[in-house]
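Coordinate inspection notes
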Amino acid sequence: MILAQSATRNIGVVILAVVIIGFLVYLFFNLLETRGEGGAEIELAANRKPYHSDDILETTKLDQSLLSGLFLLSVIGLALPLYWLGEPGRQEGLVENTLHLWTEDGAEAFEESCSSCHGGGGAGGIASFAITEQGTGAFVASVDWVAPSLTSLLTRFTEDEVIHTLNFGRNGVMPAWGAPGGGPLTAQQLDVIVVYLRSVQKDADAVQVAVTDGLIAEAREEWVLRDPDLSARFLDAKQNLARAQQTGVSSIIEEAQGELSNFQREVGETFPNEQMAAWLDEISDPSHEEYLTYGKLLFINRADSGAYSCARCHTAGWSYDGAFDLDIAGNPVTTVTDADGATVPGYLQGGGWFGPNLTNGAEVTQFPNVDSHIDFIRKGSADGIRYGVAGQGSGQMPGFSNRLDDDLVEIDEFGVEVSKNWPASLTEEQIAAVVAYARSL
Ligand code: HEC
Ligand code: HEC
């Protein structure tokens, strides 16, 4: 629409230019053709009532008529194109004003319907959820399910895909909002919320800062888990908190939270940010023996409530901290078998949940060629489009590279109108690392 407006403006400019040049040309020739006086007619035809003298007729009177004609012509010739020139501005103003109003309405609707789980401004948050046993429906555990930040959503999904999620909800944890899924909001209310979400998207730098900060926290936890003493204390503190939460008594919960914070402060000093950042830098080199660990940390990155992670869709239990949460019997909600055959709290990373199981070499079979695997992670899936050897896309697998939105226009650094470019969630190096990890599962 904005493109069409600029076309209207261009036509307006051309017409104005033609009118001005034409007028100057006319003026030029008119002046050239001005001749001297040819004689006084009143003296040649004496029966005629004297009118203005020729001098007056051919000077003042003629000038008056010409001037009034010229004035009217100018109105048509200049004012119309000028009006036309202003029109796109008025239309743009209208569009901008409408967008502004929609963004405001969307912000209001978002605060009302979404922020309780997704946080103010869509910064990410938590949804309380009751896990029940499949089949019997018996209560298993009450958990805090991460509701991802929505501040980089539009780079991973198209607006149509977002509307689909809003219409039908997500995995029963997020309710359906649109009429097609039986939800309370109208299609226009959903559109308005999406327009609002455009206004809270992070820029490329802010996304990378969030991803990197998240990786540093994951790196620290990796070091804690590798130290038998620290990992035992960490597990204790987390499970104490889970037990405290089951009591529902706020003083007990606060005490357990305090203990966990103290522990986290201590390991923060033991493994400072700079040390973790330097380690990450080292292992992000594809030839480093811990390169796959780097891929894993990206896979499970909790930054922005897991927005950039894979585990939230491909690892059962990860979204609610199931390895540390306890069920009503006091057991960890998710467990794995360790090297000695014992059952321990943990996740089957990439074992499949909302997204398919990526383990047992499934990905090497689906994408025999690494480049096509990388390309899939960059772009994500599209509804009804096949991928890999035998994949069928639903549009729900996000794309982690940048996304061009042809329906939105922005002005680039040269002042040219281009498609909106939403910044990538992961850099090309990060995508390669996460793919290497997924192929190793
Ligand atoms: C009851 C809590 C709750 C409310 C209210 C809620 N959501 Fe969600 N939403 C979630 C959870 C939890 C998820 C992640 C679900 C999962 O892990 O499959 C989610 C996922 C999403 C996603 C997918 C994001 C992604 O990156 O995969 C979008 C988009 C979304 N919500 C938008 C909204 C909007 C817009 C509203 C308000 C109209 C809203 N949500 C209200 C809990 C909620
Ligand atoms: C919002 C949920 C979500 C997130 C986050 C997500 N995926 Fe997926 N993924 C899916 C879904 C759903 C599919 C199935 C394809 C479809 O429905 O379009 C899928 C499919 C895949 C496939 C193809 C699997 C096959 O064998 O068919 C791969 C590989 C994959 N995802 C890897 C990843 C990686 C790597 C990440 C993190 C960088 C990731 N996914 C993040 C939901 C997700």
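Scroll up to find the structure this text is about.
The structure reproduced in this document is the subject of the present report. The structure displayed is predicted, hence computed values, not measured ones.

It is the contact of helix α7 (residues 204-226) with helix α10 (residues 273-283), at a shortest axis distance of 9 Å, that shows an interaxial angle of 95°. When the axes of α7 and α10 are compared, the pair comes out roughly perpendicular. Counted together, Leu215, Ile216, Ala219, Arg220, Glu222, Trp223 and Arg226 of α7 and Asn273, Gln275, Met276, Ala277, Trp279 and Leu280 of α10 form the full contact between these two elements.

Of the protein atoms, only His314 (NE2) and Met397 (SD) coordinate the iron atom of ligand 2, at distances of 2.0 to 2.2 Å. Because the angles between the 6 donor atoms bound to the iron atom of ligand 2 fall within 87 to 180°, the donor set is best described as octahedral. Remark: Met397 occurs in the loop between β6 (391-392) and β7 (403-411) and His314 occurs in helix α13 (residues 311-314); sequence separation between them is 83 residues. Look at Met397 and you get buried, because its relative accessible area is 18%.

On to the pattern of salt bridges. Summed over all chains, the structure comprises 14 salt bridges. Between Lys238 and Asp321 there is a salt bridge; the shortest N-O distance is 2.8 Å. Of this pair, Lys238 sits in helix α8 (residues 228-247) while Asp321 sits in the loop between α13 and β3 (335-337); the two residues are 83 residues apart in sequence, bridging distant segments of the chain. For Lys238, a relative accessible area of 12% puts it in the buried group.

Taken together, 24 residues form the shell around ligand 1, and within it Cys114, Cys117, His118, Asn171 and Met174 come nearest. Between ligand 1 and Arg170 there is a distance of 2.9 Å, counted from an oxygen atom to a side-chain nitrogen or oxygen. Side-chain polar atom of Asn171 to an oxygen atom of ligand 1: 2.7 Å apart, as the coordinates give it. Counting residues per element, the ones that place at least two in the shell around ligand 1 are α3 (115-118), β2 (139-147), α4 (153-156) and α5 (159-168). Per element, the largest residue contribution to the shell around ligand 1 is 3 residues, and it comes from β2.

About the thresholds
Residues numbered from 1 in each chain as written. Chains lettered and ligands numbered in written order. Predicted model: local features only at pLDDT ≥ 70, side-chain atom pairs only at ≥ 80, totals over all residues. Heavy atoms only, no water. Axes fitted to C-alpha atoms, helices over the stretch in contact; angles between N-to-C directions. Helix = DSSP H or I, 4+ residues; strand = E, 2+ residues; numbered from the N terminus. Parallel < 35°, antiparallel > 145°, perpendicular 65-115°, else oblique. Contact = heavy atoms within 4.5 Å. Donors = N, O, S within 2.8 Å, 3.2 Å for Na, K, Ca; no water. Tetrahedral: all angles 85-135°; square planar, octahedral: opposite > 155°, others 65-115°. Buried < 20%, exposed > 50% of the residue type's maximum accessible area, 1.4 Å probe, protein only. Salt bridge = Lys/Arg side-chain N within 4 Å of Asp/Glu carboxyl O. Near = heavy atom within 4 Å. Polar contact = N/O pair within 3.5 Å; in protein donor to acceptor, adjacent residues only side chain to side chain.

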